[in-house]
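Chains, contacts and geometry: an overview
Letter by letter, the chains look like this.
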Amino acid sequence: MLQLRYDEQGAEKTHELKQGVTLIGRLPTCDLVLNDPSVSRHHASLRVIGTDCHLQDAGSRFGTFLDGNQIHEATPVAPGAAIKLGEVSLVLEQHVSEHDLLSEDHEISEGPGTIMRPMTPDAPAAEGSDARLIKLLADVGRALLSTQSLGDVLNRVVDLAFTAVPAERAFLMLRESADEALAARVLRHRDGSTPPNPTLSRMVVRRVMRERVAILAADATTDPGLGITDSILRFNIRSFMCAPLWNREEVVGVLYVDSPRSSQFKEADLDTFTALTNAAAVAIEQARLSSQLLEETRRRERLQRYHSPSVVSRIIHASEAEAGLGAQERDVTVMFCDLVGFTSLCERIPPAESAALLNAFLTRMTDVVFEHEGTLDKFLGDALLAVFGAPFDQPQHAMRAVEAALAMRHALTELNAAQEGPKLAMRVAINTDGALTGDIGSPRRREFTVLGDVVNTASRIEDEVAGPGEIVISGATYERVRGRVTVRSLGSRALRGRVAALDVYAVEG
């Protein structure tokens, strides 16, 4: 099975390629949808026939690249190739499940030529280590430990295996975690082609992983109706080596190489092979850790757009259930804050100046929201929507919202004093009630947001009640902060879309 591996918003994704044509682009009707501005609506296609795969550009705006070279017509793609569509990078991988690759129909010779070597830290060093082995270790250090991408590391391991030992085929099998099955991530002939319908001995692979031994032996694929002699006559005996990819206390996979000529591998080859697999396991672990670090960094950057640093830290270190990012009902306080008369102001000043004013305003107001551990839902032109009480519970979320609004009013005074030119005026509306909060959207794009009548009511208060410089709160919010802030009653107001009038108050301090 061929698949594409790529990154989406910090998370690694895979897409299985079916036989036939796979259309890739930004439109929802594409087989693989990539939500990135640099990807065209119909960007490129991959045609899979059997084990052959061809990549073709579909008239994209920013181009289709294969291993760094731009292509314009159907071009063969081999597993391990790097594809770039606009700014999105993908890797084509050969992926074969343990069930499809491992078979019981193998006869393993354990005669005089068979060698089994423990792969434990206290195992005796192999005799006869020479300059060839030392050179290999140096090459491995340079080639593997300097490579960051896991896909690159796996392909480099197989490249080095062909360089180090006289193998004709190589199979690198890996598992994502201790409780998951193996999957072949790289299957390759020495000439770069993919072996058609291969099978390996299930017994050997399981023994290598369970006992943590490296094995050099001979293997014949057998027909259950044939005896050993018939099998040897009918099929090529393969000399093979198999060793665990073992780092620390965990066996993460195996590297298997073979040759159709019996006794092709010698003991010195096993020494070289085990040295390679030891170094490869370290490089795989490093690549995985680098990938996890990159994913956490991207996740943190995404979260920092909405949450204060302290909230981001809690989300990063919490489990998915504890993080509160799944859609759920919460008691929250929402705040709308917008500039008064900004549209007419923009008509009198250059666009660059209006953009600078707006950026300065939104940046400072967002900082204040974060200082009070609020969450930024979104920017709405010259306005912002913030929520308090999500994604984590905040017993005093109404008070935090009011305190943030007062701090925002003070911050705007400082901002106006610090800059020349037109002065800005804002209004703030705050409401408290139940809402649906969390990451909401499609499987392809999700964002943290808050939904419910509490949001609509706050928007109406801002639009229909609050005046320049005012902080107006609903009666529901006032009940949460009564006695702790000074307010001025604005009476009951009938708001558009609501049947009952709403009590509203202006916060004085």
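1. Overview of the overall build of the protein chain
A count of helical and extended segments in the protein chain gives 13 helices and 29 strands. The proportion of buried residues among the 509 residues of the protein chain is 49%. A fraction of 62% describes how many contacts in the protein chain between residues 6 or more apart in sequence connect residues 24 or more apart.

2. Digging into the pattern of salt bridges
What the rule picks out here adds up to 21 salt bridges. Between Arg496 and Glu464 there is a salt bridge, with its nearest N and O atoms 3.6 Å apart. In this pair, Arg496 sits in the loop between β28 (487–493) and β29 (502–507) while Glu464 sits in helix α12 (residues 453–464), placing the two residues 32 residues apart along the sequence. Looking at Glu464, the relative accessible area reads 31%, which means it is partly exposed. A salt bridge links Arg488 to Glu508, with the nearest nitrogen and oxygen atoms 2.8 Å apart.

3. Quick notes on the side chain of Ser354
Within the secondary structure, Ser354 is located in helix α10 (residues 351–371). A distance of 2.7 Å separates a polar atom in the side chain of Ser354 from the backbone oxygen of Pro351.

4. Observations concerning the environment of Ala268
Here Ala268 is to be found in helix α6 (residues 267–304). The exposure class assigned to Ala268 is partly exposed, which follows from its relative accessible area of 43%. With 103 residues separating them in the primary sequence, Ala268 and Val165 have C-alpha atoms 9.4 Å apart.

5. Digging into the sheet that holds strand β9 (residues 75–76)
Strand order in the open sheet formed by five strands is β4-β3-β5-β6-β9, with mixed pairing between adjacent strands. The sheet is open, and its two edges are formed by β4 (32–33) and β9, each paired on a single side. Pairing between strand β3 (residues 20–25) and strand β5 (residues 44–49): five bridges, direction antiparallel. Residue Ile24 lies in a different strand from β5, and its bridge partner there is Ala44.

6. Here's the deal with the packing of aromatic side chains
Scanning the model with the defined rule gives three aromatic pairs in all. Ring geometry for Phe240 against Tyr256: centres 5.3 Å apart, planes inclined by 10 degrees, an arrangement best described as stacked. Of the two residues, Phe240 is situated in strand β20 (residues 238–247) and Tyr256 in strand β21 (residues 250–259); the sequence distance between them amounts to 16 residues. Considered together, Phe240 and Tyr256 belong to a single accessibility category, that of buried residues. Centre to centre, the rings of Tyr478 and Tyr505 are 4.3 Å apart; their planes meet at 25 degrees, and the pair counts as stacked. Within this pair, whereas Tyr478 is found in helix α13 (residues 475–481), its partner Tyr505 is found in strand β29, the two being separated by 27 residues in sequence. With relative accessibility at 13%, the residue Tyr478 sits in the buried group. Judged by its relative accessible area of 15%, Tyr505 is buried. Cluster of aromatic residues (ring-pair linked, three or more members): Phe171, Phe240 and Tyr256.

Rules and cut-offs
- Residues numbered from 1 in each chain as written.
- Predicted model: local features only at pLDDT ≥ 70, side-chain atom pairs only at ≥ 80, totals over all residues.
- Heavy atoms only, no water.
- Helix = DSSP H or I, 4+ residues; strand = E, 2+ residues; numbered from the N terminus.
- Buried < 20%, exposed > 50% of the residue type's maximum accessible area, 1.4 Å probe, protein only.
- Contact = heavy atoms within 4.5 Å.
- Salt bridge = Lys/Arg side-chain N within 4 Å of Asp/Glu carboxyl O.
- Polar contact = N/O pair within 3.5 Å; in protein donor to acceptor, adjacent residues only side chain to side chain.
- Pairing = 2+ DSSP bridges.
- Phe/Tyr/Trp six-rings, centres within 6.5 Å; stacked < 30°, edge-to-face > 60°.

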